[in-house]
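In case you want the letters, here they are:
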Protein chains: 2
Amino acid sequence: MRKDLRNLKYVFNPKSIAVIGASENPDKLGNVILKNLVDGGYEGKIYPVNPKYEELLGHKCYPKVGSIKKHVDLAIFAVPAPIIPKLAEECGKNGVKGIVVLSAGFGETGKTKLEEKLGKIVLKHGMAMIGPNCLGVMNPEKRVDSIFFPFYKSGRPRVGEISLITQSGAVGTCIADLASYYNVGFSKFVSYGNATTISESDLLEHLGKDSKTKQILLYLEGTKDGKKLLGALEKVNPKKPVIALKAGKSRAAGEAAKSHTGNLAGNYLAYQAAFRESKVIEVDSVVELFYVANMFSQARPKGKRVGVLTDGGGLGVLTADAIEECGMELAEFSKKTSKKLRKSLPHYVNITNPLDIVADSGTDAYRKAIRAMMEDSSIDSIVVIVLFQAPAVDSRIIDVLVKESDRRKKPVVVVAVGGEYTKENRRVLDSYGVPTYGSPDAAIKTLKKFTEYSLFHKKKK
Amino acid sequence: MRKDLRNLKYVFNPKSIAVIGASENPDKLGNVILKNLVDGGYEGKIYPVNPKYEELLGHKCYPKVGSIKKHVDLAIFAVPAPIIPKLAEECGKNGVKGIVVLSAGFGETGKTKLEEKLGKIVLKHGMAMIGPNCLGVMNPEKRVDSIFFPFYKSGRPRVGEISLITQSGAVGTCIADLASYYNVGFSKFVSYGNATTISESDLLEHLGKDSKTKQILLYLEGTKDGKKLLGALEKVNPKKPVIALKAGKSRAAGEAAKSHTGNLAGNYLAYQAAFRESKVIEVDSVVELFYVANMFSQARPKGKRVGVLTDGGGLGVLTADAIEECGMELAEFSKKTSKKLRKSLPHYVNITNPLDIVADSGTDAYRKAIRAMMEDSSIDSIVVIVLFQAPAVDSRIIDVLVKESDRRKKPVVVVAVGGEYTKENRRVLDSYGVPTYGSPDAAIKTLKKFTEYSLFHKKKK
């Protein structure tokens, strides 16, 4: 195995970080990154590097990496592209294990020679390099964070099981920010930009072996080695679900992708074939990438039969539509379940799927209905629609949903459409591991992908 | 014209409202409705009706409608179904012009005779009846509000130009709540439930003539008179865009719809044909209903060519994908525009569409780029992607977007994906009439429908 790939572990779990180009000017990247490490509570050693300063944010500042005189695991570069090869050389000579190069101005702007030169230097020293032209890495558990976006603008996810590999920093940020908003946890985040020496495939294999990563999200515009990517997907996906979004599908978008990270987007059909062959879950949008990952907190469904519970009739009808349209199935309640529901629910409730307990039923009816559906083996997954606006629904519903959704048995997902009050309740549910969706079609489309993955990998066993 | 249809105006603009079944018990509908009228600031006369009380929420309470002795325009019923025909008869005798029957327990639960009886009574007296089994009406301008959902759970939209006709109260609530969250204005809201005497077609024609309604949203499960519906759509849609969502498309969903409002969902293909024939904008989901309506605040595009501006490369690539996939076109900048952009934007910006001004450019680059695109006649609409997380973007961007988007010239829509900070900024933009979307595909799909409607109605002139 290449030495730089072995050193990838130091990029995600460094014991010490040097910030090359650290600054006291809040408009500079080198300031935001240093501040984020300090404020974010990174517990390893922090070494600001800049000949201009003696001290920055309470940390001694060094004129160059060579003058630190202590071991440096990771160096984060926030300096102009042209001077980076020289500084990287110095890092290599001083035993730095990994570098993150945030700066743009390499292959994506035509400076391919500069990029090649940098690549040779890092490989010579066996340094793991992320970038250039990227946001770098984040590891919430270790508070490693090279994202140069301020905390107040871009939330950081809590510690969790999802890892994200993204070619676009912007897309990565959007997903991490959404995850933070819904309190969904992340294990590792890596925005790899131009992928000069370490590619998406290398990162897939690395995180495939990472014990703290349970699902992997992949945002991809283009790869330099399609065969290697297919190999990595086939190796990793059966063990850990990979959820992929390919951008630059169309001709025009492909050109945009090229000027973005300097990579050819290639023929989309080839990617699609690779995703199908490796049974990777392919999604169509940024938010869907997040939606699908979030559903993996649930038990894997054993089939396509969906039970639907609602306190708003129209939303039940729309959910039934979505289920039939996308090839899932509306479950038929077993006789036992029907009897149980008839006995325990108010007389005006029709015992049928979707089960509409109507707006006045409230928390208790939800509890009874979920419990009955949970025990019915003719139901594979449960979609619970909550009209939080209804007077009979109060916040105890959250307690019921969290308690009754037995994550070892079958998945429970929640649909709630609305404004402030609804969104706040959704966030609470998500933070307790009950995935919520803002529309019936989003929930069902996601459930379908989750179910397909689960059924394929069940069959294989 | 039927007398009850003429009296519809009193339902939306009553000078006095009686609440039949008003209560001091906060768990009762009759309490929530009375409270909402009082707290919501309804300026007409309010008459609580309930023999149990002398006074409720500071208003004299009457034992029955007959004892009010003053003119009552609208009576809202929050009492059990069986006693409603008798009370409606009394309303009729006392000159009430319209009634809203919120109560369920009619045709949708098999009590068709009770519903027929009620229908005959209201027609005999020429009273306009909304319902039964509905949420009734809302007119933000007049603070008329029969929605029995508390304010803190379900936001009420501000005064605006969108009217909503919905068969499902739950779906209507979700849309109104979303509108309130994004500060998008509404003119009238009507949840018509079982449509015993007044149907969706009657409401379409009524609001088609309402000078304060500029767009109409229609959520429909089934109609009793398809021919009449087609006629109403053909009449209204060319003057005021109608945006329709048909639920109960599939067999199973159709059955759910029947037990919901007692109406057959019918064959979806017939509805689809009617929507096509009348050139109504058909949407696929609740949120899309809201999305499309929101875009009508913008100028109508003259063609399909979209200019894309972004500070996050990956989001630009995804937007280009969405444009090509749905049959819109990526505009080609005119030579003049390209020159202007080359001159005014930083050297590292590639002058191409999507125009990626990258994360460090900020507000000033946005202003220049939007201005140039606004003047380029080879661009029909502008999609501005804002990565609010980027350090260079500050809240001045909102000022630029509001000022530079000239709503007489061409539409400008904003895409912003992310958590708390991003969502708050989106809300501000929406409240200034710049429509925002949480993902590129949602924005482009909406823009496509908006463009199609605009082009069809341009051609006709």
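This one's a predicted model, so the numbers in the text were calculated from it and none came from an experiment.

**Here's the deal with the overall build of chain A**
Helices and strands together make up the secondary structure of chain A, namely 17 helices and 20 strands. Over its C-alpha trace chain A gives a radius of gyration of 25 Å, about what one expects of a compact globule, namely 23 Å for 461 residues. C-alpha atoms of chain A, sized along the principal axes, occupy 80 × 45 × 40 Å. A burial count over chain A gives 62% of its 461 residues as buried.

**Quick look at unusual backbone geometry**
All names here are of chain A. Here the residue pair Gly-131 and Pro-132 is connected by a cis peptide bond, since its omega of 0° sits within 30 degrees of zero. You can see Pro-132 is positioned in the loop between strand S7 (128-130) and strand S8 (136-139). Phi at Arg-143 is positive, roughly 60°, even though this residue is not glycine. Note on placement: Arg-143 falls in the loop between S8 and strand S9 (144-145). According to the C-beta neighbour criterion, Arg-143 is partly exposed, with 17 such atoms within 10 Å.

**As for the relation of the copies chain A and chain B**
Each copy of the sequence occupies a distinct position, and chain A is placed on chain B by a rotation of 180° and an axial shift of 0.0 Å, giving an RMSD of 0.0 Å. Classification of the inter-copy transformation places it as that of a two-fold axis.

**Notes on the interface of chain A and chain B**
With 65 residues of chain A in contact, the opposing surface of chain B contributes 65 residues. If one sorts the elements of the side of chain A that touches chain B by residue count, helix H12 (residues 313-325) of chain A sits on top with ten residues. Of the residues assigned to the side of chain A that touches chain B, the class counts are 31 nonpolar, 23 polar and eleven charged.

**Focus on the pairing of strand S1 (residues 16-20) of chain A**
Residue and element names in this part refer to chain A. The element S1 is largely enclosed, with a buried count of four among its five residues. Examined bridge by bridge, S1 and strand S2 (residues 45-49) share five bridges and lie parallel to one another. Within S2, the position partnered with Ser-16 by the bridge is Lys-45. In this region the chain leaves S1, passes through helix H3 (residues 29-40) and returns to the parallel neighbour S2; the handedness of that crossover is right-handed. Judged from the four bridges that link them, S1 and strand S5 (residues 74-77) form a sheet pairing that is parallel. The residue bridging Ile-17 from the neighbouring strand is Leu-74, located in S5.

**Quick word on the sheet that holds S7 of chain A**
All names here are of chain A. Spatial ordering of the open sheet is given by S2-S1-S5-S6-S7, a layout of five strands whose pairing is parallel. Looking along the sheet, the strands with just one partner apiece sit at the ends: S2 and S7. Going across the sheet, the axis of each strand differs from the next one's by a mean of 15°, ignoring polarity. Together, S1, S2 and S5 form the strand contacts of H3, whose direction differs from that of S1 by roughly 160°.

**Observations concerning the nonpolar core**
If you look at the biggest cluster of nonpolar residues, it comprises 322 residues, and the most contacted ones within it are Phe-77 of chain A together with Phe-77 of chain B. Once residues lying within four places of it in the same chain are set aside, the contact partners of Phe-77 of chain A are Ile-20, Gly-21, Ile-84, Leu-87, Ile-99, Val-100, Val-101, Leu-102 and Ser-103 of chain A.

**Description of the sheet that holds strand S14 (residues 281-282) of chain A**
All names here are of chain A. Strand order in the open sheet formed by seven strands is S9-S8-S11-S10-S12-S13-S14, and the pairing between neighbours is mixed. Strands with a single pairing partner mark the edges of an open sheet, and in this sheet they are S9 and S14. Of the strand pairs in this sheet, strand S10 (residues 159-166) and strand S11 (residues 186-191) are connected by five bridges, and their pairing is parallel. Each residue of the ladder has a partner; that of Thr-166, found in S11, is Ser-191.

**Quick word on the environment of Glu-324 of chain B**
Positionally, Glu-324 of chain B belongs in helix H12 (residues 313-325). On the neighbour-count criterion, Glu-324 of chain B (18 C-beta atoms within 10 Å) is partly exposed. Sequence separation of Glu-324 of chain B and Ile-444 of chain B is 120 residues, and the distance between their C-alpha atoms is 9.8 Å. Residue contacts for Glu-324 of chain B: discarding those within four places in its chain leaves Ser-250, Ala-252 and Ala-253 of chain A.

**Notes on helix H7 (residues 200-208) of chain A**
Residue and element names in this part refer to chain A. Burial analysis of H7 places seven of its nine residues in the buried class, the great majority of the element. Within H7, burial applies to Glu-200, Ser-201, Asp-202, Leu-203, Leu-204, His-206 and Leu-207. On its buried face, H7 is in contact with helix H1 (3-6), helix H2 (8-12), S10, S11, strand S12 (215-220) and helix H8 (226-236).

**Quick word on helix H11 (residues 286-295) of chain A**
Counted residue by residue, H11 of chain A has ten buried out of ten residues, so it is predominantly covered. Inspection of H11 of chain A places Val-286, Val-287, Glu-288, Leu-289, Phe-290, Tyr-291, Val-292, Ala-293, Asn-294 and Met-295 of chain A among the buried residues, and these make up the whole buried set.

**As for the environment of Thr-310 of chain B**
Residues and elements named next belong to chain B. Checked against the element boundaries, Thr-310 lands in strand S15 (residues 305-310). Residue class for Thr-310 comes out buried when judged on the 30 C-beta atoms lying within 10 Å of it. Put simply, Thr-310 and Gly-231 are 79 residues apart on the chain and 44 Å apart in space, counted from C-alpha to C-alpha. Not counting the four nearest positions on each side in its chain, Thr-310 is found in contact with Leu-315, Gly-316, Pro-354, Asp-356 and Ile-385.

**With respect to the domain arrangement of chain A**
When the parts of a complex come together, some accessible area is lost, and that lost area is often used as the size of the interface. Taken domain by domain, chain A consists of domain 1 (1-131), domain 2 (154-296) and domain 3 (305-460). The C-alpha-based centres of domain 1 of chain A and domain 3 of chain A are spaced at 49 Å.

**Here we look at the pairing of S10 of chain A**
Residues and elements named next belong to chain A. Across the eight residues that make up S10, a large majority, six, are buried. The parallel pair S10 and S11, bridged by helix H6 (residues 169-181), forms a crossover whose chirality is right-handed. Pairing analysis gives five bridges linking S10 to S12, with the strands arranged parallel. Across the sheet, Leu-164 pairs through a bridge with Leu-217, a residue of S12.

**A few points about the environment of Pro-82 of chain A**
Along the chain, Pro-82 of chain A turns up in the loop between S5 and helix H4 (84-93). C-alpha separation for the pair Pro-82 of chain A and Leu-118 of chain A, spaced 36 residues apart in sequence, amounts to 9.9 Å.

Conventions we followed
- Each residue is numbered by its place in its chain's sequence as written, counting from 1.
- Starting at A for chains and at 1 for ligands, labels are handed out in the order in which the entities are written.
- Per-residue local features are limited, in this predicted model, to residues with pLDDT of at least 70; the limit for side-chain atom pairs, both in listing and counting, is 80 or more; totals at the level of whole chains, interfaces and linings are taken over all residues.
- Helix and strand definitions here come from DSSP, where helices need a minimum of 4 consecutive H or I residues and strands a minimum of 2 consecutive E residues; each element is numbered from the N-terminal end.
- Radius of gyration here uses only the C-alpha atoms, and the compact-globule reference equals 2.2 Å multiplied by the residue count raised to the power 0.38.
- Field definition: a residue is buried when 20 or more other C-beta atoms are found within 10 Å of its C-beta, exposed when 12 or fewer are, and partly exposed for counts in between, with C-beta atoms placed from the backbone.
- Superposition of the copies was done by least squares, using only C-alpha atoms of residues whose pLDDT is at least 70 in both.
- In this description, a residue-residue contact is defined by the distance between C-beta atoms placed from the backbone, which must lie within 7 Å.
- Side-chain classes follow a simple rule in which Ala, Val, Leu, Ile, Met, Phe, Trp, Tyr, Cys and Pro form the nonpolar group, Asp, Glu, Lys and Arg form the charged group, and the remainder, Gly included, forms the polar group.
- Between any two strands, pairing holds if DSSP finds at least two bridges.
- A crossover gets the label right-handed when its path from the first strand over the helix to the second runs clockwise, viewed with the strands pointing away from the viewer.
- Only the contacting stretch of a helix is used when fitting its axis, a line to C-alpha atoms as for every element, and angles between N-to-C directions run 0 to 180 degrees.
- The term nonpolar core refers to a group of buried residues, namely Ala, Val, Leu, Ile, Met, Phe, Trp, Tyr and Cys, whose C-beta atoms join them within 7 Å.
- Each domain span listed reflects an automatic or database assignment of domains.

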